[in-house]
Protein chains: 2
Amino acid sequence: MKIIIDAMGGDNAPAAQIEGAVRAVNELGVDIIFVGKEETVRGELKKYDYPEEKVSVVNADEVITNHEEPAKAVRSKKNSSIVVAAGMLRNGEADALLACGNTGAILASGLLVVGRIKGILRPALATTLPTAKGPKLLIDAGANTNCKAENLVQFGIMGSIYMKNVFDIDNPTVGLISNGEEEGKGDELTKAAYPMMKEAAFNFIGNIEGRDVMEGTADVMVCDGFVGNVILKTVEGMGYVMGNLVKDMFMKNLATKLGGLLALKGVKQLKQTMDYRSYGGAPLLGTKKPVIKGHGSSDAKAVYNAVVQAKKFVETNVINEIVKNVNGGESNG
Amino acid sequence: MKIIIDAMGGDNAPAAQIEGAVRAVNELGVDIIFVGKEETVRGELKKYDYPEEKVSVVNADEVITNHEEPAKAVRSKKNSSIVVAAGMLRNGEADALLACGNTGAILASGLLVVGRIKGILRPALATTLPTAKGPKLLIDAGANTNCKAENLVQFGIMGSIYMKNVFDIDNPTVGLISNGEEEGKGDELTKAAYPMMKEAAFNFIGNIEGRDVMEGTADVMVCDGFVGNVILKTVEGMGYVMGNLVKDMFMKNLATKLGGLLALKGVKQLKQTMDYRSYGGAPLLGTKKPVIKGHGSSDAKAVYNAVVQAKKFVETNVINEIVKNVNGGESNG
């Protein structure tokens, strides 16, 4: 299996990308193609031991930064690492693409370069959240700001397939995020989507509310990309704030500091439970080939886990199953 | 000052309502009118000492439960505690109303019985969230599922006045919740509201994101009631889940348990920081008289703090200032 990595995208690129991916080469046996500034990438690669035939580097001189307008940058910077990488994926030179850079540019590359699966109206970004009942999927986590009811139904189909295949969940539950549990609750979009989701070929459990998000009430939580972005960032921001409060809690005085030392094992487990790095990246679902967006601040561990996830994404034939469920059996040509 | 309390609404009603309000009578010198089943209320009141002339009870035989369709129940149950209480407020028999029952019924009573301020298109529910930078206001936290840009602008005006008067914040900052900081980001609603908010008579700081919610980036966070409901419940749910994780953290083994005991002072402060009960209730802004919705699970402490807040709401003339800023000086007739 060959996985392309945008070596230049992300706050810690290319060091974290290369360290994490080389670990994946050594431990998982995958082949990696790094796309980016060749000299820089090869310089980093020198730090590690790995089977050389399993790693290649493709030069791309340009980089799309976080400050550029994504769609415009993807159209104009043909030699940027993300656009070159997406082109190689489209041409069948690899099985999946992992990128941690400008989110908009990754989405635009997926949409414009890799292309949509026939029948999928809007590919969506799906993020796993660490909930009280284990990792659950939030879809759309930010790709589509304005959605139609049909889009939400397809998000449910794709999310359900992803959780079944990649997270081994039998008959995943799908909830529609709304402002109340009852069928009549919701805004115009969710009210229109509800009856369509009831008829859809997945395990629909009805409306879920904000409090269900971190409770993990549904395996797949469906919403439009505006709401999904707000939820995801609210959860991330609150995790950060609460982490600091827990730290402050132990720093009050000598007794609390000693308490913190004694509770260290518990603290570590709490941290691990809430650590986004353990859960891999966010798959863009609905493109013809697997594209995974890693967190912008990914370190080597997060990159490694995103490769683990990309490998499973490919092995479990998520895309073929989406094609079958949307097109009624047409091939993914 | 006279404050009406719906004695029957809330998970712990009427015991918590009466205990908290009697404390307010004794400590703050306010007059309280309890509306509810007279016999039950008087039975509870017997437990406490207070100046009898400052407490009265008005009988209302019916109760609107959480399971009833709010607008319909408000129209049909004319003798329910919330409808009777709202009618008394409208008629000038008291200065403010506090209720902890069925949210929809409280909103409907505010809208249909107490009435809108002239010029206010939609009253909104405003909730204070405990953020890293102290209490901040989320408006609309759930009253209006589908909004227009004009509504969001008015939410900014009302929220700004509330934070200035009740929380003593000079020139409160107002942020528009969106899926990105840049002016061009947002869904159709927020994109339409942005330029109008730039021109509005408050301290607009532009778009804010989910991560800003618990960071406390803006004093007033504006969104439609669908998004606000999802944010509020996501934060409440995550607080609950993280609270359990912190508890689990200390219960791992003898060492962590001892650690928890030593860190008790810190744990208590963490709990207090995150305790919704310290921040009072959620004002419904835009009605002709002050209506405050207390948390459904309010205990006596929460009720007491909501009365503190109701008193300040009245004393600082929030409503007159809203009237002036929306009508350009017309009286609140």
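Residues numbered from 1 in each chain as written. Chains lettered and ligands numbered in written order. Predicted model: local features only at pLDDT ≥ 70, side-chain atom pairs only at ≥ 80, totals over all residues. Heavy atoms only, no water.

Superposing chain B onto chain A requires a rotation of 180° together with a translation of 0.0 Å along the rotation axis, leaving an RMSD of 0.1 Å. Seen this way, the second copy is the image of the first under a two-fold rotation axis. It is B:G259 whose C-alpha, among those of chain B, lies nearest the rotation axis, at 1.8 Å. Comparing interface residues between copies, 100% of those in chain B also lie at the interface in chain A; the contact surface is shared. (Least-squares fit on C-alpha atoms with pLDDT ≥ 70 in both. Contact = heavy atoms within 4.5 Å.)

Cis geometry is found at the peptide bond from A:A13 to A:P14, where omega equals 0°. Within the secondary structure, A:P14 is located in the loop between β1 (2-6) and α1 (15-28). Of the consecutive residues A:I139 and A:D140, the connecting peptide bond is found in the cis state with omega at 5°. You can see A:D140 is positioned in the loop between β6 (134-139) and α6 (149-166). At A:D168, a residue that is not glycine, the phi angle is positive and equals roughly 55°. Among the secondary structure elements, A:D168 is positioned in the loop between α6 and β7 (173-177). A positive phi angle, close to 55°, is found at B:N317, a residue other than glycine. Overall, B:N317 belongs to the partly exposed group, its relative accessible area being 43%. (Helix = DSSP H or I, 4+ residues; strand = E, 2+ residues; numbered from the N terminus. Buried < 20%, exposed > 50% of the residue type's maximum accessible area, 1.4 Å probe, protein only.)

The biggest cluster of nonpolar side chains holds 60 residues, and the ones touching the most others in it are B:F34, B:L45, B:M197 and B:V222. For this core, the element with the highest residue contribution is helix α6 (residues 149-166) of chain B, accounting for 10 residues. When near neighbours in sequence (up to four residues on either side) are disregarded, B:V222 contacts B:I139, B:L152, B:F155, B:G156, B:V174, B:G175, B:L176, B:I177 and B:M197. Residues A:F155, A:I161, A:V303 and A:A306 belong to the second largest nonpolar core, which totals 59 residues. (Core = buried A, V, L, I, M, F, W, Y, C linked by side-chain atoms within 4.5 Å.)

This brings us to the packing of aromatic side chains. As enumerated under the stated definition, the model contains 9 aromatic pairs over all chains in all. With 6.3 Å between their ring centres and 50° between their planes, A:Y162 and A:F167 make a pair best called tilted. Among the residues examined, A:F167 registers a relative accessible area of 24% and is labelled partly exposed. A centroid spacing of 6.0 Å and a plane angle of 70° characterise the contact between A:F250 and B:F250, whose relative ring orientation is edge-to-face. Taken as a pair, A:F250 in helix α9 (residues 225-250) and B:F250 in helix α9 (residues 225-250) lie in two separate chains rather than in one. With respect to class, A:F250 is no different from B:F250; both count as buried. Positioned above the aromatic ring of A:Y304, the side-chain terminus of A:R23 is 3.5 Å from the ring centre. (Phe/Tyr/Trp six-rings, centres within 6.5 Å; stacked < 30°, edge-to-face > 60°. Lys NZ or Arg CZ within 6 Å of the ring centre and 35° of its normal.)

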